[in-house]
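Chain by chain, the residues:
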Amino acid sequence: MFEIKARDAMGRLGSITINGKKIETPTIMPVIHPNPKKQTVSMDLINKMADVVITNSYITYTTPELREIAETKGIHELIDFKNVVVTDSGSFQLSVYGDVNVGPMEIIDFQEKIGVDVGTILDIPTGPDVSREKAESDLIETFKRAEDSIKRRSEMGYKLALNGTIQGSKYLDLRQKSAEVMGKMDFDIYPIGAVVPLMEDYRYREVAEVILNSKMHLPTNKPVHLFGCGHPMLFALSVALGCDLFDSAAYALYAKNGRYLTEDGTLHLKDMKDLKSFPCTCKVCSEYTPKQLFNLEEKEKTRLLAEHNLYVTFEEIDRIKNAIKEGNLWELVEERCRSHPKLLNGLRVISKYMDFIEKHDPVSKKSGFFYTGYESMNRPEIYRHKQRLERIQYDKIYVTSVSENTSKPYSENLSNVPCNVDVLVKDRVFGLVPLNIDTMYPLAQNEVPDLYDFEKKYNNDFVSEFNEKYAEKILDISTYNYYINHYGKKKECEKVNPDIFRIGKMLEYQYGAKILDEELMGKVKSRRSKNTGRIRNLLLEKEVLFTLRANDNFLIPAKSGAELLHEKLEFPKYRIVIDSSVEEFARAGKSVYSKFVKDCDPELRPFEEVLIVNSDDELLAYGTTILNGRELMEFDYGVAATLRGGLKK
């Protein structure tokens, strides 16, 4: 069972429950050798740091002394680990040696027998540089084994959770097909396999495309494991693209070769021995100087170096989790991807998939938008803003430039802003920013440095296309001040309440429809904060309809506002339809759980304000969705939406 707790980009801070044990994602599974004598780092340390590990059932199966212990005492006792144990099936050995001494059903039976929490099918791993014919034939065999494994589990009544590995080599259409076919089977976790050769050759662009083409066709309610990804420098990008689990033998393998892991690359201990200290504050690096560690006996040096590598690996996972909570995962991704040009290729290729990525990115975040480089131009926030400009119903438009010294929000730093026209400011990053909505996230909540000339030209095509599309509505006036002096003070402008006109446009931008008609425009009033002077509420008579949330200026409905949205928005817009059995819970303002969602607006994004209705479209409650439209229909566990209030009968 998988539940999302927090999110940013496509990254998910979640909880997986397996056999009554919980795993918090994203996380790393240290690879544990089933032979305790060959385990580099002590299991005491592993038990302290990890809540899930991965070991090899094939090595256990083919090693008599290990097999005997596993069959009599269980895999947990064999490797001395109390929490979730995942096992590989021998697929790695199959990829290396071309054959294994076990059948697909034998290894499923064995994994169940030794008490594995999550087992893996014996899939056919297909490297990146094989022919298409080979990739297709391997995929067909993997499908057969996958189907047989699921059937075997069902017929035998096994409790074993199963990994259903996605294959397809470098052929993206085969990855899509693999995800579609495997996704329809009842697997518990979906690893993306055979990417290690790509990572070893720094082919991160292809890694990113393999992840995305798999993710697009996989169920959203199941965790995704990037098989063989163990270097911290790749975690942030992979999490941002939707990977939840990783496994790492790198901490030990790199240590055996005298390599010291960091979050943005790898160093060699022999090259560090003349440094006074390590660039790390973990226990190992605090107690030893590079020279002291280098001069230790080989086995002890390897153990300590592996401990450091494990510390830095988990530290990066914790850093990513915090970035998800704070809403600044994209900034961390961009920082990490600048550690290697090939990694930057992986970041740059995702701009081709922004339509898919944007659907998973929250509409509002705790952290502001920080521009860290040219790649920031392709973030979901910018893509979404340009799409949602189409939601505003324009009558008269004025497109203008302002001084680069004008601070944001522009509307608060320009005088005599007209109230009867949509003034759109040419913005270097967001393309066009309407003054009437420019306090909304992320249009004011951003920091951008001085840009190079080539960056300033990035949005020229977008502005030109907008001008062409709305040519008949754009006022042909030479200067902004000319408009203010000759048109902005007409009587028709004086009749319009600028606050109400502004709120009307903000509602259009946020909800995609005209919420305030002419009749309402004359009845509603705005209320400003005594401390900041900014608009804080929209009222009808004395009743609050909407509150402008301070951190992002989104319009948050009160009960009457929710009723107004329900009246103005056509079904199923901004709605979640729930089962009749939980109507009273919704009316009482209690959270909506995923398993009770029957239907929804498919275009919902995470953290949007939503209306909770029944099958007859009767308004029951209002709140904030945690999941997007597709996820709402696929998740069957955890909270789908938190409620602000319910409507009593």
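Residues numbered from 1 in each chain as written. Predicted model: local features only at pLDDT ≥ 70, side-chain atom pairs only at ≥ 80, totals over all residues. Heavy atoms only, no water.

Participant: How should the environment of Asn628 be read in this particular structure?
Facilitator: By secondary structure assignment, the location of Asn628 is in the loop between strand 27 (619–625) and helix 29 (629–634). Sequence-wise, Asn628 and Asp186 are 442 residues apart; in three dimensions their C-alpha atoms are separated by 22 Å. In terms of polar contacts, Asn628 uses its side chain to reach the backbone amide nitrogen of Arg630, at 3.2 Å. (Helix = DSSP H or I, 4+ residues; strand = E, 2+ residues; numbered from the N terminus. Polar contact = N/O pair within 3.5 Å; in protein donor to acceptor, adjacent residues only side chain to side chain.)

Participant: I would appreciate a short explanation of the packing of aromatic side chains in the present structure.
Facilitator: Each aromatic ring pair is summarised here by two numbers: the centre-to-centre distance and the angle between the ring planes. Taken as a whole and assessed by the stated rule, the structure comprises 14 aromatic pairs. With 5.1 Å between their ring centres and 10° between their planes, Tyr260 and Phe278 make a pair best called stacked. In this pair, Tyr260 is assigned in strand 12 (residues 259–262) and Phe278 in the loop between helix 13 (269–272) and helix 14 (283–287), connecting sequence segments 18 residues apart. Exposure class is identical for Tyr260 and Phe278. Each is buried. Cluster of aromatic residues (ring-pair linked, three or more members): Tyr374, Tyr452, Phe454 and Tyr458. Positioned above the aromatic ring of Phe294 is the side chain of Lys273, whose terminal nitrogen or guanidinium carbon lies 5.2 Å from the ring centre. When the ring centre of Phe462 is taken as reference, the NZ or CZ atom of Lys386 above it lies at 5.0 Å. (Phe/Tyr/Trp six-rings, centres within 6.5 Å; stacked < 30°, edge-to-face > 60°. Buried < 20%, exposed > 50% of the residue type's maximum accessible area, 1.4 Å probe, protein only. Lys NZ or Arg CZ within 6 Å of the ring centre and 35° of its normal.)

Participant: I would appreciate a short explanation of the UniProt feature "binding site: substrate" (unreviewed entry) in the protein in the present structure.
Facilitator: In the UniProt entry, the feature "binding site: substrate" (unreviewed entry) is given for Asp123 and Ala194. Across 72 residues in sequence, these annotated residues keep their C-alpha atoms within 10.4 Å of one another, forming a single compact spot. Ignoring anything within four residues of it in the chain, the contact list for Asp123 reads Ser91, Leu94, Thr142, Arg145, Thr165 and Gln167. Reaching out from Asp123, the side chain makes a polar contact with the side chain of Ser91 at a distance of 2.9 Å. Here Ala194 is to be found in the loop between strand 9 (190–192) and helix 9 (196–200). Residue Ala194 is classed as buried on the basis of its relative accessible area of 18%. Every residue in contact with Ala194, bar those within four places of it in the chain, is listed here: Thr126, Gln167 and Arg175. (UniProt positions renumbered as here; feature names shortened; annotations may be inferred. Contact = heavy atoms within 4.5 Å.)

Participant: Sorry, what's going on with the environment of Val425 here?
Facilitator: Its location among the elements puts Val425 in strand 16 (residues 422–427). On the basis of relative accessible area, Val425 is assigned to the buried category, the value being 0%.

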